[in-house]
Amino acid sequence: MSHALFPLSVSEAVPAGYHALSARPGDVLLCHRSGFASAAIRGGERLRFQSGARWSHCALVETPTTIIEALTHGVKRSSLSAYTNTDYMLIHTQLDGKDAMQAVAFAQSCIGQEYGFLTDFAIALRFLTPGRGLALSLNGTEICSGLVAQALCRGWANFPVNPASITPAEIAEYYSAPTQPTKRGNK
């Protein structure tokens, strides 16, 4: 994968029990979640990535205290503090000004949409077949990483694949995020 499309990003590892030092609008939260959908995502990513896949969920930072995320029950606004008991990685994407505002505005426009189960199915097929495979989705549905990637495209990001069907591990790879958190953050 080419990393040349993205400026140098800074990743902030936040262990469980800590808070991010400086979440900014347009940043990306990556984490490991439990549940069937997350297990399926990690399983598929293990087929594609040699190093395995740590991240099964991502969200876009809306404000220093809120995120917008696509969960299996739909796209919603959540408090960043909901992840206090979870190890997560915060990628500072370097979006600023109008770019960050446009990324956040896109994510806000998706609040209330349904989860993109069909997109997840198509991604699973992609991992089982050579090449990029088939991209399927329904208008008005989002997966977590697709929501984030499409929002970042409203800023400056230019992914070499369909952003609606990017996985959390691919976002981590494009931004050169570490696969494991280290001790940082505010308690």
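As shown above, the structure is provided for reference.
The rules behind these values
Residues numbered from 1 in each chain as written. Predicted model: local features only at pLDDT ≥ 70, side-chain atom pairs only at ≥ 80, totals over all residues. Heavy atoms only, no water. Helix = DSSP H or I, 4+ residues; strand = E, 2+ residues; numbered from the N terminus. Buried < 20%, exposed > 50% of the residue type's maximum accessible area, 1.4 Å probe, protein only. Contact = heavy atoms within 4.5 Å. Pairing = 2+ DSSP bridges. Salt bridge = Lys/Arg side-chain N within 4 Å of Asp/Glu carboxyl O. Phe/Tyr/Trp six-rings, centres within 6.5 Å; stacked < 30°, edge-to-face > 60°. Lys NZ or Arg CZ within 6 Å of the ring centre and 35° of its normal.

Caption draft 1: Structural view of the overall build of the protein. From N to C terminus, the protein includes five helices and eight strands. From first element to last, N terminus to C terminus, the protein shows the α and β order β-β-α-β-β-β-β-α-β-α-β-α-α. Buried residues in the protein amount to 49% of all 187 residues. Here the contacts in the protein between residues at least 6 apart in sequence split such that 75% fall between residues at least 24 apart.

Caption draft 2: Representation of unusual backbone geometry. Positive phi is not limited to glycine here, since Gln94 has a value of about 70°. Note that Gln94 resides in the loop between strand E6 (88–92) and helix H2 (97–110). Overall, Gln94 belongs to the partly exposed group, its relative accessible area being 35%. Backbone geometry places Ser176, a non-glycine residue, at a positive phi of 55°. For Ser176, the position within the fold is in the segment after helix H5 (168–174).

Caption draft 3: View of the pairing of strand E1 (residues 10–14). When you tally the buried positions in E1, you get four out of five residues, the bulk of the element. The sheet contact formed by E1 and E6 spans five bridges and is antiparallel. Residue pairing in the sheet places Val10 in a bridge with His92 of E6.

Caption draft 4: Highlighting the side chain of Ser145. Structurally, the position occupied by Ser145 is in helix H4 (residues 144–153). Residue Ser145 is classed as buried on the basis of its relative accessible area of 2%. Those residues in contact with Ser145, other than ones at most four positions away along the chain, are Cys58, Pro163, Ile166, Thr167, Pro168 and Ile171.

Caption draft 5: Focus on the pattern of salt bridges. This structure, assessed with the given rule, holds one salt bridge. For the salt bridge of Glu62 with Arg77, the shortest nitrogen-to-oxygen distance reads 2.7 Å. Here the residue Glu62 occupies a position in strand E3 (residues 57–63), and Arg77 occupies one in strand E5 (residues 74–79), the gap between them amounting to 15 residues.

Caption draft 6: Broad picture of the packing of aromatic side chains. According to the stated counting rule, one finds two aromatic pairs in the structure shown. Ring plane angle 65° and centroid distance 6.1 Å describe the contact between Trp156 and Tyr175, whose orientation is recorded as edge-to-face. With Trp156 in the loop between H4 and H5 and Tyr175 in the segment after H5, the pair connects residues that are 19 residues apart, well separated along the chain. When the ring centre of Phe106 is taken as origin, the NZ or CZ atom of Arg154, which lies over that ring, is 3.9 Å away.

Caption draft 7: Here's a closer look at the environment of Thr72. Mapped onto the fold, Thr72 is located in the loop between strand E4 (66–71) and E5. Separated by 45 residues in sequence, Thr72 and Phe117 place their C-alpha atoms 8.0 Å apart.

Caption draft 8: Local environment of the pairing of E4. In terms of residue burial, E4 counts as a mostly covered element, since six of its six residues are buried. The side-chain alternation of E4 yields two buried faces, one formed by Thr66, Ile68 and Ala70 and the other by Ile67, Glu69 and Leu71. Hairpin connection between E3 and E4: a loop of two residues separates the two successive antiparallel strands. Two strands pair when backbone bridges link them, and E4 and E5 are joined in this way by six bridges, in the antiparallel orientation. Paired with Thr66 across the bridge in E5 is Ser79. The hairpin formed by E4 and E5 contains two residues between the paired strands.

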